[in-house]
Amino acid sequence: MSFGETPITLVGNLTDDPELKFTEGGAALAKFTIAVTPRSFDRNTNQWKDGTTAFYRCAAWRALAEHVAESLGKGSRVVAMGRMRQHDWTTDQGEKRSMLAVEIDDIGASVRFTTVQINGKRPAQNGPAGDDAWATANAAPGSASASEGAEPPF
């Protein structure tokens, strides 16, 4: 992140399926909107109340764009991190326009209210048992001593 950029973390729901496009140079671009609704507890009524929903237009690029388009859909609850960007342009009628959008750096499904199944293969780890980062060098996989009292590998 460069100096002067505005970082932002959004927790909300996609309002529609991501729209995947490709630039003339072949770079993937996913555009989508995240709706964020603050909630507060009203102690007088003993109920949760929704605040005003804000809609954030977002863009993800390259491999992240393709992963977003393949993994997330309308209604998906997500946690997204990125940077606010202002876009300025002039219409065909000569009117100056601007808008704020979020350039997404990372995004994932929220597991606060649901479960998620990860289908991708984990990157290989350089640990004693190959790709199992929690394995220990002196214990057989699945044995009681492999999990009892062992220190994590970090």
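Structure: above.
The rules we used
Residues numbered from 1 in each chain as written. Predicted model: local features only at pLDDT ≥ 70, side-chain atom pairs only at ≥ 80, totals over all residues. Heavy atoms only, no water. Helix = DSSP H or I, 4+ residues; strand = E, 2+ residues; numbered from the N terminus. Contact = heavy atoms within 4.5 Å. Areas by Shrake-Rupley, 256 points an atom, 1.4 Å probe, with all protein chains shown as cover. Core = buried A, V, L, I, M, F, W, Y, C linked by side-chain atoms within 4.5 Å. Buried < 20%, exposed > 50% of the residue type's maximum accessible area, 1.4 Å probe, protein only. Pairing = 2+ DSSP bridges. Polar contact = N/O pair within 3.5 Å; in protein donor to acceptor, adjacent residues only side chain to side chain. 1 Å grid on protein atoms, 1.4 Å probe; cavity = no way out; pocket = protein on both sides within 12 Å on 5 of 7 lines; lining within 4 Å. Points joined across faces, edges and corners; volume = space filled by probe spheres on them. Nonpolar A, V, L, I, M, F, W, Y, C, P; charged D, E, K, R; others polar. Salt bridge = Lys/Arg side-chain N within 4 Å of Asp/Glu carboxyl O.

### Some words on the overall build of the protein chain
Counting its secondary structure elements, the protein chain contains two helices and eight strands. In the protein chain, the succession of helices and strands from N to C terminus is β-β-β-β-β-β-α-β-β-α. In the protein chain, 54% of the contacts between residues at least 6 apart in sequence involve partners at least 24 apart. With an accessible surface of roughly 11,400 Å², the protein chain has 49% of that area assigned to carbon and sulfur atoms.

### Description of the nonpolar core
Counting 17 residues, the largest nonpolar core has Phe 32, Ile 34, Cys 58, Val 68, Ile 104 and Ile 107 as its most contacted members. Counting only elements with at least two residues in this core, the list comes to β1 (6-14), β3 (28-36), β6 (54-61), α1 (62-71), β7 (77-90) and β8 (96-109). Top element by residues in this core is β3. It accounts for four residues. Ignoring sequence-local partners within four residues, the contact set of Cys 58 consists of Leu 10, Ala 30, Lys 31, Phe 32, Ile 34, Val 102 and Ile 104.

### Some points on the pairing of strand β2 (residues 19-22)
With four bridges connecting them, β2 and β3 associate as antiparallel partners. By the bridge assignment, Phe 22 is partnered in β3 with Ala 28. Linking two consecutive strands that pair antiparallel, namely β2 and β3, is a turn of five residues; a positive phi of about 95 degrees is found at Gly 26 within it.

### Some points on the pairing of β8
Pairing geometry for β6 and β8, over two bridges, is parallel. Paired with Cys 58 across the bridge in β8 is Val 102. Counted between consecutive antiparallel strands, the loop separating β7 from β8 contains five residues, among which Gly 94 sits at a positive phi close to 85 degrees.

### Thoughts on the side chain of Arg 83
Take Arg 83: it is sitting in strand β7. Here Arg 83 falls in the buried class, since its relative accessible area comes to 12%. Here Glu 5 takes part through its side chain, which lies 3.3 Å from a polar atom of the side chain of Arg 83.

### Things to note about the layout of surface pockets
Gaps left between atoms show up when a probe the size of a water molecule is rolled over them. Considered as a void within the structure, the largest pocket measures approximately 470 Å³ in volume. What lines the largest pocket is a set of 18 residues, and nearest its centre among them are His 67, Ser 71, Leu 72, Ala 109 and Ile 118. With six residues, the single largest contributor to the lining of the largest pocket is α1. Here the residues of the lining of the largest pocket are counted per class, giving eight nonpolar, seven polar and three charged.

### A word on unusual backbone geometry
With a phi angle near 60 degrees, Asn 46 is a residue other than glycine that sits in the positive phi range. Within the secondary structure layout, Asn 46 lies in the loop between β4 (39-42) and β5 (47-50). With a relative accessible area of 57%, Asn 46 lands in the exposed category. Of note in this structure, Arg 62 is not a glycine but carries a positive phi near 55 degrees. Note on placement: Arg 62 falls in helix α1.

### Examining the pattern of salt bridges
It is possible for side chains bearing opposite charge to pair when their charged atoms get close. Counted under the stated rule, the structure contains nine salt bridges. Between Glu 5 and Arg 85 there is a salt bridge, with the nearest N and O atoms lying 2.8 Å from each other. Taken together, the residues Glu 5 in the segment before β1 and Arg 85 in strand β7 connect sequence positions 80 residues apart. Of the residues examined, Arg 85 reaches a relative accessible area of 26% and is grouped as partly exposed. The partner of Arg 39 in a salt bridge is Asp 50, with the nearest N and O atoms 2.7 Å apart. Note that Arg 39 is positioned in strand β4 and Asp 50 in strand β5, a separation of 11 residues in sequence. The same class applies to Arg 39 as to Asp 50, namely exposed. Each of Glu 5, Arg 83, Arg 85, Glu 103 and Asp 105 takes part in a single network of salt bridges with overlapping partners.

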